[in-house]
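Single-letter residue listing:
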Amino acid sequence: MNEDLNRLKDIKIENYIWIIYIGIIILSWYANSKEKDFIISKNENSKKEYQALIILIFTILLFIYYYFTVDSYGDLKELTPFDSKKKIVLRYASFVGSFLILISGIIFLIIAILDDNIDTEIAFN
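Since this is a predicted model, take the numbers as computed values, not measurements.

### Focus: the layout of surface pockets
- Volume-wise, the largest pocket comes out at about 490 Å³.
- Lining the largest pocket we find 18 residues, and of these Arg 7, Asp 10, Asp 71, Asp 75 and Arg 91 sit closest to its centre.
- Looking at the lining of the largest pocket, the elements with two or more residues in it are helix H1 (2-41), helix H2 (44-77) and helix H3 (85-114).
- Counting residues per element, the lining of the largest pocket draws most heavily on H1, which supplies 8 residues.
- Partitioning the lining of the largest pocket into residue classes produces 3 nonpolar, 5 polar and 10 charged.

### Focus: the side chain of Asp 10
- Turning to its location among the elements, Asp 10 is positioned in helix H1.
- Comment: no salt bridge for buried Asp 10; closest opposite-charge side chain is Arg 7, at 4.1 Å.
- Discounting chain neighbours no more than four positions away, the residues touching Asp 10 are Tyr 67 and Asp 71.

### What about the packing of aromatic side chains?
- Throughout the structure, instances matching the rule amount to 5 aromatic pairs.
- With 5.5 Å between their ring centres and 45° between their planes, Trp 18 and Tyr 21 make a pair best called tilted. Taken together, the positions of Trp 18 and Tyr 21, both in helix H1 and 3 residues apart, correspond to about one turn of that helix.
- Taking relative accessible area as the criterion, Tyr 21 reaches 12% and is therefore assigned buried.
- With centroids separated by 5.8 Å and ring planes inclined at 55°, the aromatic side chains of Tyr 73 and Phe 95 adopt a geometry described as tilted. Here Tyr 73 is found in helix H2, whereas its partner Phe 95 is found in helix H3, with 22 residues between them in sequence.
- Ring-pair connections join several aromatic residues into one group, and the members of that group are Tyr 73, Phe 95 and Phe 99.
- Across the ring face of Phe 38, the terminal group of Lys 42 is positioned such that the distance to the ring centre comes to 5.6 Å.

### Points about the side chain of Thr 69
- Relative to the helices and strands, Thr 69 is located in helix H2.
- Polar contacts involving the side chain of Thr 69 include one to the main-chain carbonyl oxygen of Tyr 65, which spans 2.9 Å.
- For Thr 69, the residues in contact, after removing those within four places along its chain, are Phe 95, Ser 98, Phe 99 and Leu 102.

### What about the packing of H2 against H3?
- Between H2 and H3, whose axes approach to 8 Å, the crossing angle comes to 160°. Taken together, the axis directions place H2 and H3 in an arrangement best described as roughly antiparallel. Every pair of crossing elements has a handedness; the one defined by H2 and H3 is left-handed.
- Residue composition of the contact of H2 with H3, by class: 19 nonpolar, 6 polar and 2 charged.

Reading the values: rules and limits
Residues numbered from 1 in each chain as written. Predicted model: local features only at pLDDT ≥ 70, side-chain atom pairs only at ≥ 80, totals over all residues. Heavy atoms only, no water. 1 Å grid on protein atoms, 1.4 Å probe; cavity = no way out; pocket = protein on both sides within 12 Å on 5 of 7 lines; lining within 4 Å. Points joined across faces, edges and corners; volume = space filled by probe spheres on them. Helix = DSSP H or I, 4+ residues; strand = E, 2+ residues; numbered from the N terminus. Nonpolar A, V, L, I, M, F, W, Y, C, P; charged D, E, K, R; others polar. Buried < 20%, exposed > 50% of the residue type's maximum accessible area, 1.4 Å probe, protein only. Lys, Arg positive; Asp, Glu negative; His and termini not counted. Salt bridge = Lys/Arg side-chain N within 4 Å of Asp/Glu carboxyl O. Contact = heavy atoms within 4.5 Å. Phe/Tyr/Trp six-rings, centres within 6.5 Å; stacked < 30°, edge-to-face > 60°. Lys NZ or Arg CZ within 6 Å of the ring centre and 35° of its normal. Polar contact = N/O pair within 3.5 Å; in protein donor to acceptor, adjacent residues only side chain to side chain. Axes fitted to C-alpha atoms, helices over the stretch in contact; angles between N-to-C directions. Parallel < 35°, antiparallel > 145°, perpendicular 65-115°, else oblique. Left-handed = near helix turned anticlockwise from the far one by under 90°.

Structure follows, in structure tokens:
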């Protein structure tokens, strides 16, 4: 029963994260319009706004990726010697996947910060 309550709590948090993802999609769409304006008109303000938006987007994503990595690590810590081999393998796979996504988020944020010419295409997952 306690495990069910924890899972329901996780789902509630994940629902908030989906709302944040919707906001990120809208911000990404707006950032693309700024990038397009810069490409067409060479407007430096559009370039700066695009860069700021991309940094904001990937910073937010990094927090989300961190949350999922920590949550997945918590699932690993809850494993017992009595859990099935399948459950153990899947929990480890989930952690590794979450951790790799966190690493990719860090890399994309670094690219967004360092790419002054905005000529490197980056996208969130």
